[in-house]
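# Fold and contact review
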Amino acid sequence: TDRWLLFYTGMPKANPLGHRKIGVAYSASLDGPWTKWGPVLSANSDAGAVDSSSVSNAAPAFARDGSGRILLAYKGLGKAQPSKPACTDGSGKACISVAEAAHWTGPYRHTTADARMKFEGEDPTLWQSASGMWHMVFEHYTNDRSRSGAHAWSRDGLSAWKVADNRTWVSTTTILDAGGQSTVLQKRERYQVTFDDDGHPAFLWNGAMLDGQCFNIVQPFRLPGALEA
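## Structural notes on the pairing of strand 14 (residues 187-195)
Of the pairings in the sheet, the one linking strand 14 to strand 15 (residues 201-210) comprises seven bridges and is antiparallel in character. Bridge pairing links valine 193 to leucine 204 in strand 15. If you look at the hairpin formed by strand 14 and strand 15, you'll find five residues sitting between the two strands, and glycine 199 has a positive phi there, around 85°.

Dropping the structure here:
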């Protein structure tokens, strides 16, 4: 491609948790100038969908076949309900959904949200392996705060997502430094993956909290061969 793309979340001044949208800025150079395009994804018009209030935390990934097809994983919030179920704005947990488009400019379809897929979590990174399998690393909501990062995969990226069981989660809140010292974090969020030259996941980045202080951490990261395929 001859353009750099930057996906971002638009935050309204009134009710910033609701009505968020996802846009794209593009540029021929990292130095700019940058031009906004969109928003390319807004809240779902289906009031019963898990993303009917706002969309944010964009995680785009292009198909490896060179077609320009793009999948966009994102955090969706639905309309608040008296029973406070998951995936509701201000009254429960968020859900990850996946949209798709033939080109990064759109139009994007709320594919998994329209199919009523409920995938509790946020902060995803999405990619497709050389075999064609789609993968996602994200903050998975759990009552066990010692575990925070999960891995999921799908053959087409739009259906039948499978989440690895907790024995094979990609990260926990316990980290080891270079000297072997163990530290238990209060929080570990904002999952981002960087890749090697062959497109394999190489490093896992997180925002973390310890003793009330926030900082970034990075660690070597690679999926087991069976899962990566």
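Having put the structure on the table, let's press on.
## Focus: the confidence of the model for the chain
In this model, the chain carries an average pLDDT of 86, and 90% of its residues clear a pLDDT of 70 or more. Averaged pLDDT values for the elements of the chain fall to 60 in helix 2 (residues 225-228) and rise to 96 in strand 2 (residues 21-27).

## Digging into the packing of aromatic side chains
Overall, the coordinates contain five aromatic pairs when judged by the stated rule. Ring geometry for phenylalanine 119 and phenylalanine 138: centres 5.0 Å apart, planes at 70°, overall edge-to-face. Of this pair, phenylalanine 119 sits in the loop between helix 1 (111-114) and strand 7 (121-128) while phenylalanine 138 sits in strand 8 (residues 134-140), and the two are 19 residues apart along the sequence. Residue classification places phenylalanine 138 among the buried positions, given a relative accessible area of 0%. With a centroid separation of 5.4 Å and an interplanar angle of 65°, the aromatic rings of tryptophan 127 and phenylalanine 195 are classed as edge-to-face. Of this pair, tryptophan 127 sits in strand 7 while phenylalanine 195 sits in strand 14, and the two are 68 residues apart along the sequence. Taken together, the aromatic side chains of Tyr26, Trp37 and Trp104 make up a single cluster linked through ring pairs.

## Observations concerning the state of the cysteines
For the structure shown, the criterion picks out one disulfide. Disulfide pairing is shown between cysteine 87 and cysteine 95; the S-S distance is 1.7 Å. Here cysteine 87 and cysteine 95 have matching classes, each one buried.

## Digging into the pattern of salt bridges
Throughout the structure, instances matching the rule amount to five salt bridges. Residue arginine 109 is joined to glutamate 100 by a salt bridge in which the shortest nitrogen-to-oxygen separation is 3.8 Å. Take arginine 109: its relative accessible area is 40%, and that puts it in the partly exposed class.

## Remarks on the layout of surface pockets
There is about 320 Å³ of room inside the largest pocket. If you go around the largest pocket, you meet 15 residues; those closest to its centre are Pro60, Ala61, Leu126, Trp127 and Phe195. For the lining of the largest pocket, the elements supplying multiple residues, two or more each, are strand 4 (54-62), strand 7 and strand 14. In terms of residue class, the lining of the largest pocket is built from 10 nonpolar, four polar and one charged.

## Overview of the sheet that holds strand 14
In spatial order, the strands read 14-15-16; together these three strands make up an open sheet with antiparallel pairing. Whereas interior strands pair on both sides, the edge strands pair on one side only; in this sheet they are strand 14 and strand 16 (213-220). Averaged over all neighbouring strand pairs, the angle between strand axes comes to 20°, with direction disregarded. Here strand 15 runs beside strand 16; their pairing, made up of eight bridges, is antiparallel. Among the inter-strand pairings, methionine 209 is bridged to a residue of strand 16, identified as cysteine 214.

Rules used throughout
The residue count restarts for each chain, going from 1 along the sequence in the order it is written. Thresholds applied to this predicted model are a pLDDT of at least 70 for local features of residues and 80 or more for the giving and counting of side-chain atom pairs; totals over whole chains, interfaces and linings are not thresholded and use all residues. Side-chain metrics rest on all non-hydrogen atoms present in the structure, leaving aside hydrogens and water. Pairing between strands requires that DSSP locate at least two bridges from one strand to the other. By the criteria applied, helices consist of DSSP H or I runs no shorter than four residues and strands consist of E runs no shorter than two, each listed in order from the N terminus. Values of pLDDT, ranging from 0 to 100, describe the predictor's confidence in every residue of the model. Put simply, two rings from Phe, Tyr or Trp (the six-membered ring, in Trp's case) pair if the centres are within 6.5 Å, and we call them stacked under 30 degrees between planes, edge-to-face over 60, tilted for the rest. When a residue's accessible area, from a 1.4 Å probe over protein chains only, is under 20% of the maximum for its type it is buried; when over 50% it is exposed; and in between it is partly exposed. Here, a disulfide means two cysteine sulfur atoms that sit within 2.5 Å of each other. Salt bridges are defined as contacts in which a side-chain nitrogen from Lys or Arg sits within 4 Å of a carboxyl oxygen from Asp or Glu. A pocket here means an open set of points on a 1 Å grid, computed over the protein atoms alone, that has protein on both sides within 12 Å along at least five of seven lines. A cavity is instead a set of points where a 1.4 Å probe fits but cannot get out; residues with an atom within 4 Å of a point line either one. Grid points are joined across faces, edges and corners, and a volume is the space filled by probe spheres set on the points. Only Asp, Glu, Lys and Arg are considered charged in this grouping, and only Ala, Val, Leu, Ile, Met, Phe, Trp, Tyr, Cys and Pro are considered nonpolar; every other residue, Gly among them, is considered polar. Between N-to-C directions, angles span 0 to 180 degrees; the directions come from axes that are lines fitted to C-alpha atoms, helices contributing only their stretch in contact.

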